[in-house]
Amino acid sequence: MSEETTIQRLSTEGADMLTLAGVHDENLIELARQTGAKIALRGETLAVSGNAESVARAIPIAQRMIDTAKQQMPMTADDVLRMSMEGPREGNGNGVDNETRIVLPGVRKIIQAKTNGQAEYMKLMAENDIVVGIGPAGTGKTYLAVAAAVDALARKRVRRIVLARPAVEAGESLGFLPGDMQQKVDPYLRPLYDALEDMMPHERVLKSLETRTIEIAPLAYMRGRTLADAFVILDEAQNATTAQMKMFLTRLGVNSRAVITGDKTQIDLPKREDSGLVQIERILPGIEGIGFYYLTEADVVRHRLVREIIMAYAEDSGA
């Protein structure tokens, strides 16, 4: 005797259909692949059918997809895969709350956590003066920190943004690079420019850099300064020495917030124990106002193969 088929229908009224279905229906195909349910989109109705178990798995994911499409936020098959891996979220019922959603009106864009880990990381940034985000590449550590900084500047919670990175990586020396000092350090700072230009109109970025409302500089340039009324981000912190990290943390002035991001598997200093990120991980937890959050391969939001690659390297290093 065949198992009884269950059918549930969800309203898609107000949702952008192309966003919901994806190119060549890739989002609906991924939903069916992950849950075993049959998915059919007709008019303003999404029909989910199959055995009771597969339909029960598919319904909460389908509702999140519809909610995302109503907000006209980007959604790909990888996003559907992540939704299926995470399961249901706590909150207001659609996986969105004010602490995990940043509206950037200048570029008509919404930055939103795509994983539970990212949501917790964003909440931590909203609740603490100093946040340390540790995790592998592709988890959005820096991107979300820059989004929080741009949001704080737009809301006039701070008067400027300072983005810093250690300018020594992979054992290379700046002295061997061609050009003047700015040309030497620009390649190290380019990811910060890229994130910033994704969140602000190009003209506004240029003007903000010119007026020093936004400053992007090597970590060494922070020495001797007091950074007041600022949102400060230290990226690639695993390559900051212990002395540089102490220098950075003691730059913070009145009404300043800091986010420190790094990946402990990518330390390029001669000795791992010289990493300032490793040191603060040991000595700063427990201090009120400082939060640590660890993102994992489950939070990777780049190509789905990036997650598999990170896991493969982790397994190899543990062998």
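For the structure itself, consult the block above.
Worth saying up front: this structure is predicted, and the values here are computed from it rather than measured. (Residues numbered from 1 in each chain as written. Predicted model: local features only at pLDDT ≥ 70, side-chain atom pairs only at ≥ 80, totals over all residues. Heavy atoms only, no water.)

### Considerations on the overall build of the chain
Stage number 1. Within the chain one finds 11 helices and 11 strands.
Stage number 2. The contacts in the chain between residues at least 6 apart in sequence include a share of 69% that link residues at least 24 apart.
Stage number 3. Of the roughly 16600 Å² that the chain leaves accessible, carbon and sulfur atoms contribute 51%. (Helix = DSSP H or I, 4+ residues; strand = E, 2+ residues; numbered from the N terminus. Contact = heavy atoms within 4.5 Å. Areas by Shrake-Rupley, 256 points an atom, 1.4 Å probe, with all protein chains shown as cover.)

### So, the sheet that holds strand β3 (residues 45-50)
Stage number 1. As summarised here, the arrangement of the 3 strands in space is β1-β3-β2, forming an open sheet in which the pairing is antiparallel. Since the sheet does not close on itself, it has two edges, and those belong to β1 (6-11) and β2 (38-42), each with one partner. Recorded for the sheet is a direction-independent mean angle of 20 degrees between the axes of neighbouring strands.
Stage number 2. Both β2 and β3 contribute to a ladder of 5 bridges, which runs antiparallel. Opposite leucine 41, over in β3, you have leucine 46 as the bridge partner. (Pairing = 2+ DSSP bridges. Axes fitted to C-alpha atoms, helices over the stretch in contact; angles between N-to-C directions.)

### Concerning the side chain of aspartate 79
Stage number 1. Note that aspartate 79 resides in helix α4 (residues 77-86).
Stage number 2. Using a relative accessible area of 6% as the deciding quantity, one classes aspartate 79 as buried.
Stage number 3. Not counting chain neighbours up to four residues away, the residues in contact with aspartate 79 comprise Pro74 and Lys114. (Buried < 20%, exposed > 50% of the residue type's maximum accessible area, 1.4 Å probe, protein only.)

### Examining the nonpolar core
Stage number 1. Formed by 36 residues in total, the largest nonpolar core has its most connected members in Tyr121, Met125, Val150, Leu196, Ile216, Phe231 and Ile233.
Stage number 2. Element by element, the count of residues in this core is highest for helix α6 (residues 141-154), at 9 residues.
Stage number 3. In this view, leucine 196 contacts Val146, Val150, Leu163, Val205, Ile214 and Ile216; residues no more than four positions away in its chain are not counted.
Stage number 4. Membership of the second largest hydrophobic core comes to 25 residues, among which are Ala164, Leu227, Ala237 and Ala240. (Core = buried A, V, L, I, M, F, W, Y, C linked by side-chain atoms within 4.5 Å.)

### Topic: a nonpolar patch on the surface
Stage number 1. Together, Leu305, Ile309 and Tyr313 line one region of the surface with nonpolar side chains, adding up to about 350 Å² of accessible area.
Stage number 2. Among the secondary structure elements, leucine 305 is positioned in helix α11 (residues 304-317). (Patch = residues over 30% accessible without salt bridge, like charges linked within 9 Å, V, L, I, M, F, W, Y side chains within 5 Å. Salt bridge = Lys/Arg side-chain N within 4 Å of Asp/Glu carboxyl O.)

### Things to note about the environment of aspartate 299
Stage number 1. Secondary-structure assignment places aspartate 299 in the loop between β11 (290-294) and α11.
Stage number 2. Using a relative accessible area of 6% as the deciding quantity, one classes aspartate 299 as buried.
Stage number 3. Between the C-alpha atoms of aspartate 299 and lysine 141, which are 158 residues apart in sequence, the distance is 9.7 Å.
Stage number 4. Excluding anything up to four places from it in sequence, aspartate 299 contacts Thr115, Gly117, Gln118, Gly138 and Thr139.
Stage number 5. For aspartate 299, the side chain forms a polar contact with the side chain of threonine 115, separated by 2.6 Å.
Stage number 6. At 3.3 Å, the side chain of aspartate 299 and the backbone nitrogen of glycine 117 are in polar contact. (Polar contact = N/O pair within 3.5 Å; in protein donor to acceptor, adjacent residues only side chain to side chain.)

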